[in-house]
Amino acid sequence: MKKLLLFSIVLLAVLLYGCGSKGNMGYPKHIDVGSGGDTIYLVKEPVHSWDIADKNGYIFAYPFEEEIDGVKTGVTEYEWLRVESRAEWTAVRVIVAPNKSGTMRTLYLDYTIQYMLSFEQARIAINQR
């Protein structure tokens, strides 16, 4: 009986610890990219959706489906930032176009992630000089 009680307490502690938020869901709070542009791969959680927004949360772009190389691909695109994801990929591809303006620019990639039995939010600032 004591072993069962001890096992139950340990199991409950592990489950409760696993349900807590993981600070931006383990994603970086910001990514800095040079003026030449870049392609960044972020390990994919079970992403429910992602949007491109400004610092005030105004959403510029919602995901849509596009066929790339004959495969359905989830795409979100606004101005100089593009996000692509496929079901079979283990990462989300973030494509940052070159910055020819010479000024710093920032957009935010907002994720809604299915975590355990709830949905959590993550936000990554994409900064480019």
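Presented here is a report on the structure given in the accompanying data block. By convention here, each chain's residues receive numbers from 1 onward along its written sequence. At least 70 in pLDDT is required for a residue's local features to be given in this predicted model, at least 80 for side-chain atom pairs to be given and counted, and no such filter applies to totals for whole chains, interfaces and linings, which use all residues. Side-chain calculation: all heavy atoms of the structure are included, whereas hydrogens and water are not.

### A word on the sheet that holds strand β6 (residues 71–78)
To keep things clear, this is the line we draw: Two strands pair under a simple rule: DSSP has to find at least two bridges between them. By definition, any uninterrupted DSSP run of H or I lasting at least four residues is a helix, any uninterrupted run of E lasting at least two residues is a strand, and each is numbered from the N terminus. Note on definitions: angles span 0 to 180 degrees between N-to-C directions of axes, and those axes are lines fitted to C-alpha atoms, for helices only across the stretch in contact.
The five strands lie next to each other as β2-β8-β7-β6-β5, forming an open sheet whose pairing is antiparallel. In this open sheet, the two edge strands, each paired with only one partner strand, are β2 (38–43) and β5 (64–68). Across the sheet, the mean angle from the axis of one strand to that of its neighbour is 30 degrees, orientation sign disregarded. As defined by bridge partners, strand β7 (residues 81–85) adjoins strand β8 (residues 91–96) across four bridges and the pair is classed as antiparallel. Pairing of R82 across the sheet is with I95, part of β8.

### Regarding the pattern of salt bridges
The test is simple: The working definition used for a salt bridge is a side-chain nitrogen of Lys or Arg within 4 Å of a carboxyl oxygen of Asp or Glu. Burial here depends on accessible area, computed with a 1.4 Å probe over protein chains only, as a share of the maximum for the residue type. Under 20% is buried, over 50% is exposed, and the range in between is partly exposed.
Throughout the structure, instances matching the rule amount to five salt bridges. In this structure, the salt-bridge partner of E77 is R82, at a minimum N-O distance of 3.0 Å. For R82, a relative accessible area of 13% corresponds to the buried category. Residue R82 is joined to E84 by a salt bridge in which the shortest nitrogen-to-oxygen separation is 2.6 Å. What emerges from the salt-bridge pattern is a single network uniting E66, E77, R82, E84 and R93.

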